[in-house]
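Each chain, letter by letter, is given below.
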Amino acid sequence: MLFVMERCVMAIEIIATGRAIPPNRVTNDDLAQRLDTSDEWIRSHTGIRARHLADTGIASSDLALEAGKQALAQAIERGMVEEKTPEELALTLDLVIVGTSTQDFHGTPSTACVVQDKLEARNAGAFDVSAACTSFIYGLESAAGLLAVNASRKRALVIGAEVLSRITDWNDRSTCILFGDGAGAVLIEKTAAPSSGPGRRGLLRTVLGSDGSGRESLIVRRGGSRAPFQKGEVVEIPACVEMDGRAVYTFAVKAVTDTIERLLAEEGIGLNDVARIVPHQANARIVAAAGKRLGITDDKFFLNIEEYANTSSASIPIALDELNRSAQIKRGDLVLTIGFGGGLTYGGNLIIW
Ligand code: UT7
């Protein structure tokens, strides 16, 4: 009962954002020099022109840490918190959650624990969320629920971070052209603002979905408990993403349309109420096809896939940070996010910025 009451009363707001993009920019033309592909094919089939790849030795936690630090610094710069330094602010974090499919370590420790330690967020619980490209949506809802359920919890850092280049088969042109590395972070806080009724703010509603029967469509087959590496085994490519692109494409278009329709219907609002739709950046054609089905104009969707390619769980928080820092979304705007990907999973959030 306490949970229900508190969740209705107190808003869970995004108060700051950050991102980390590796400096090494690899264009389609760069890939075409060593693969049977072309800039024209990649752009016309995906909307991608470039991706940024992490240097050797950089792991997901390094990018996650940088994005998280940027979010903490922004909260201080913009006067969103009373704390005066990122170190002080880190001590007020109750949770550090990292969505990733490319954990620093296989199984344990979690990538979130590495970030929590390096941030010196000594009062925070930390864990990873594994929902492939939907991890940020799942992570945000998990964080909001955990803040709402306990009166003493107030702040959480939710991060999506990936070094997908490490689980990519660079000889497979049907997948390697799609992915990039990066991280995005949001700092969320339980505030005194209402979450319903007049003046409501923050995370209004989330849809979470899955269809595990499609798990083989996007899969890293080796290295887990199902198919562990054997002693003495020689492998050319230890663990990499395999994808049935057509199957995922069909699923994704339906996931985007269904998620938008469901969020709007459950909230009792129309498309005109939404300032910006921030989809997972997997393929510009998926977004265009969903937009066509629903009669949504292209400018409603925010796309940055051209520069970063598909960064899986990082793509939505990177996009939110770009929009936030460039003032393309402002306080009071209604933002709709949509994630979809391996699992198969999908979901979305409605957020008053
Ligand atoms: O974030 C996770 C979610 N993932 C996704 O959302 C991905 C969803 N799927 C897709 O975005 C698309 O299916 C792809 C971009 C992966 C592929 O596009 P497509 O239009 O479905 O191409 P296709 O796989 O049907 O391949 C068409 C042709 C094939 O040649 P043939 O058999 O027609 O001669 C491929 O061999 O294009 C060829 N092809 C390429 N050609 C040049 C495939 N990849 C490439 C390439 N360069 N990189």
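Remember, it's a predicted structure, so these values are computed and weren't measured experimentally.

Attention shifts here to the pairing of strand S5 (residues 125–129). Bridge count for strand S4 (residues 95–99) against S5 is 5 bridges, and the pairing is parallel. What sits directly across from valine 96, in S5, is alanine 126.

Mapped onto the elements, aspartate 169 comes out in the loop between strand S6 (155–163) and helix H8 (173–176). Buried within the structure, aspartate 169 lacks any salt-bridge partner; its nearest side chain of opposite charge belongs to arginine 34, at an N-O separation of 7.2 Å. Of the polar contacts made by the side chain of aspartate 169, one reaches the backbone nitrogen of asparagine 171; its length is 2.9 Å. Excluding its chain neighbours within four sequence positions, the residues that come into contact with aspartate 169 are Thr175, Cys176, Ile237 and Cys240.

Moving on, we come to the site of the ligand. By nearness alone, 23 residues border the ligand, and Thr37, Arg246, His280, Asn283 and Asn310 come closest of all. Here an oxygen atom of the ligand and a side-chain polar atom of histidine 280 are 2.9 Å apart. Asparagine 283 is positioned with one of its side-chain polar atoms (N or O) 2.7 Å from an oxygen atom of the ligand. When isolated, the ligand has an accessible area of 960 Å², and the protein chains bury 73% of it. Sorting the residues of the shell around the ligand by element identifies helix H3 (39–46), H8, helix H9 (245–267) and helix H10 (284–294) as the ones contributing at least two each. In terms of residue count, the dominant contributor to the shell around the ligand is H9 (4 residues). Both of domain 1 (7–192) and domain 2 (202–352) provide at least three residues apiece to the shell around the ligand.

For the rest of this paragraph, the subject is the sheet that holds strand S13 (residues 345–352). Pairing is mixed in the open sheet, where 4 strands are placed in the order S8-S13-S12-S11. On the outer flanks of this sheet lie strand S8 (202–210) and strand S11 (276–279), each paired with one strand and no other. Averaged over neighbouring strand pairs, the angle between their axes works out to 15° when direction is ignored. Relative to strand S12 (residues 334–341), S11 is paired through 4 bridges, and the arrangement is parallel. Note on S12: the bridge partner recorded for proline 279 is isoleucine 338.

The buried fraction of S4 is high, at 5 of 5 residues. Traced from S4 through helix H6 (residues 111–119) to S5, the parallel crossover comes out right-handed. As paired elements, S4 and S6 share 5 bridges and run parallel to each other. Opposite leucine 95, over in S6, you have alanine 156 as the bridge partner.

Procedures and definitions
- Residues numbered from 1 in each chain as written.
- Predicted model: local features only at pLDDT ≥ 70, side-chain atom pairs only at ≥ 80, totals over all residues.
- Heavy atoms only, no water.
- Pairing = 2+ DSSP bridges.
- Helix = DSSP H or I, 4+ residues; strand = E, 2+ residues; numbered from the N terminus.
- Buried < 20%, exposed > 50% of the residue type's maximum accessible area, 1.4 Å probe, protein only.
- Lys, Arg positive; Asp, Glu negative; His and termini not counted.
- Salt bridge = Lys/Arg side-chain N within 4 Å of Asp/Glu carboxyl O.
- Polar contact = N/O pair within 3.5 Å; in protein donor to acceptor, adjacent residues only side chain to side chain.
- Contact = heavy atoms within 4.5 Å.
- Near = heavy atom within 4 Å.
- Areas by Shrake-Rupley, 256 points an atom, 1.4 Å probe, with all protein chains shown as cover.
- Domains from an automatic or database assignment.
- Axes fitted to C-alpha atoms, helices over the stretch in contact; angles between N-to-C directions.
- Right-handed = clockwise from strand over helix to strand, strands pointing away.

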